[in-house]
Amino acid sequence: MLAEIEKIVRLSGKNVRESVDFTVTDKGTRENLVTSADIENEKFLKKELLELIPGSVFKGEEGDDVPVAKEGYTWIVDPIDGTTNFSRGIPEVGISVALMKDAQPYIGVVYNPFTDSMYTAQIGEGAFKNGKPIRVSNRSFEDGIFFTAWCAYDKRLSAPCFEVSERLHPRCNDIRRIGTAAVELCMLAEGAAEMYFEIRLCPWDFAAASVVLFEAGGHICSFGGPLDYDNPCPVIAGNSPKNLMSVANVVVDVFDGKRPY
Ligand code: IPD
Ligand code: CA
Ligand code: CA
């Protein structure tokens, strides 16, 4: 199954990499973009993945947001994670495909077609990048790289997110913002970075990468609880429980213990 999904995602990546004459529009706020390539790729993935598992449910960012099925298989798909990057020719993009089984994460595939980086994982079977096993790093918080973002699509949440950065930056090595949550979480899984926080991600941003991260020995959760694969939620991750908690404590403090939405 994983090999079949990988084949489909690779094909979709070729389409994305080769699309040049795409159109760009916004989805309500001027920062939140969608291109014709996002829409075409979701259509392609939907057709291929539903054919691969007849009777499965398809949840996707571009017009296919449905609940995850309590029983059986559900796909959670972001056809292009990092659309702003894509629309400007910045080669940091992830095609993100998760397969849920009975509402639990089961398989995750994240592919950057521009760098040809293929991250794959299945629960209980380990995590891989281009076929080689990957593992989170064992760096301390002080030596850690912190991936974060400042809620570009809802600037009302930017100020507290900057406060989280301001409080953590002096305590760790540095901060990075790549612009694709799916790839950033996979980079944690391969040991390139150590901590992660975003106040609002959608299930298609993190579902596939969460499987890769679990299987690489990483830790990921929401605001005081598990990830919600049906609704937008805060996401905090770390290479170790200790590093995750160091981020979580600051996030909870900055937001006064309350989720802001
Ligand atoms: C976005 C990217 C970005 C993250 C945003 C996401 P999109 O997804 O993952 O890194 O900061 O929260 O919405 O819109 O490019 O699919
Ligand atoms: Ca996304
Ligand atoms: Ca997207």
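This text follows the structure it describes.
Just so it is clear, the structure is predicted and the values come from calculations on it, not from any experiment. (Residues numbered from 1 in each chain as written. Chains lettered and ligands numbered in written order. Predicted model: local features only at pLDDT ≥ 70, side-chain atom pairs only at ≥ 80, totals over all residues. Heavy atoms only, no water.)

**Notes on the overall build of the chain**
Next up, step 1: When you go through the chain residue by residue, the secondary structure sums to 7 helices and 14 strands.
Next up, step 2: In terms of its C-alpha atoms, the chain occupies a principal-axis envelope of roughly 50 × 40 × 35 Å.
Next up, step 3: The proportion of buried residues among the 261 residues of the chain is 54%.
Next up, step 4: Here the contacts in the chain between residues at least 6 apart in sequence split such that 63% fall between residues at least 24 apart. (Helix = DSSP H or I, 4+ residues; strand = E, 2+ residues; numbered from the N terminus. Buried < 20%, exposed > 50% of the residue type's maximum accessible area, 1.4 Å probe, protein only. Contact = heavy atoms within 4.5 Å.)

**Notes on the site of ligand 1**
Next up, step 1: Asp-81, Gly-82, Tyr-153, Arg-177 and Glu-198 are the nearest of the 16 residues found near ligand 1.
Next up, step 2: Within the contact set of ligand 1, an oxygen atom lies 3.2 Å away from a side-chain nitrogen or oxygen of Asp-78.
Next up, step 3: In the complex, the protein chains occlude 92% of the 380 Å² of accessible area that ligand 1 would expose alone.
Next up, step 4: Classifying every residue of the shell around ligand 1 gives 5 nonpolar, 4 polar and 7 charged. (Near = heavy atom within 4 Å. Polar contact = N/O pair within 3.5 Å; in protein donor to acceptor, adjacent residues only side chain to side chain. Areas by Shrake-Rupley, 256 points an atom, 1.4 Å probe, with all protein chains shown as cover. Nonpolar A, V, L, I, M, F, W, Y, C, P; charged D, E, K, R; others polar.)

**Details of unusual backbone geometry**
Next up, step 1: Phi at Asp-102 is positive, roughly 50 degrees, even though this residue is not glycine.
Next up, step 2: With a relative accessible area of 42%, Asp-102 lands in the partly exposed category.
Next up, step 3: In the Ramachandran plot, Ala-103 falls in the positive-phi region, its phi being about 70 degrees despite a non-glycine side chain.
Next up, step 4: In this fold, Ala-103 is placed in the loop between strand E5 (94-101) and strand E6 (104-112).

**Points about the pairing of strand E4 (residues 73-81)**
Next up, step 1: A large share of E4 lies buried, amounting to 8 of its 9 residues.
Next up, step 2: Strand direction decides the pairing type here: strand E3 (residues 57-60) and E4, joined by 4 bridges, are parallel. Note on E4: the bridge partner recorded for Lys-59 is Ile-76.
Next up, step 3: In this structure, E4 lies alongside E5, joined through 7 bridges in antiparallel fashion. By the bridge assignment, Ile-76 is partnered in E5 with Ala-98. (Pairing = 2+ DSSP bridges.)

**Comments concerning the environment of Thr-23**
Next up, step 1: When you line up the elements, Thr-23 lands in the loop between helix H1 (2-18) and strand E1 (24-26).
Next up, step 2: You can call Thr-23 exposed: its relative accessible area is 51%.
Next up, step 3: C-alpha of Thr-23 to C-alpha of Leu-11: the two residues are 12 residues apart in sequence and 21 Å apart in space.

**A closer look at the coordination of the calcium ion (ligand 2)**
Next up, step 1: On the protein side, the calcium ion (ligand 2) has Asp-78 (OD), Asp-81 (OD) and Asp-205 (OD) as donor atoms, found 2.1 to 2.2 Å from it.
Next up, step 2: Going along the chain, you hit the donors of the calcium ion (ligand 2) in the pattern D-x2-D-x123-D.
Next up, step 3: Between the calcium ion (ligand 2) and the calcium ion (ligand 3) the interatomic distance comes to 3.6 Å, and Asp-78 is a ligand of both metals.
Next up, step 4: Under the relative-accessibility criterion, Asp-78 is labelled buried at 1%. (Donors = N, O, S within 2.8 Å, 3.2 Å for Na, K, Ca; no water.)

**Description of the coordination of the calcium ion (ligand 3)**
Next up, step 1: For the calcium ion (ligand 3), every protein donor is listed as Glu-61 (OE), Asp-78 (OD), Asp-78 (OD) and Ile-80 (O), and the spread of their distances is 2.2 to 3.0 Å.
Next up, step 2: Each donor residue of the calcium ion (ligand 3) belongs to the same chain, and together they define the spacing E-x16-D-x1-I.

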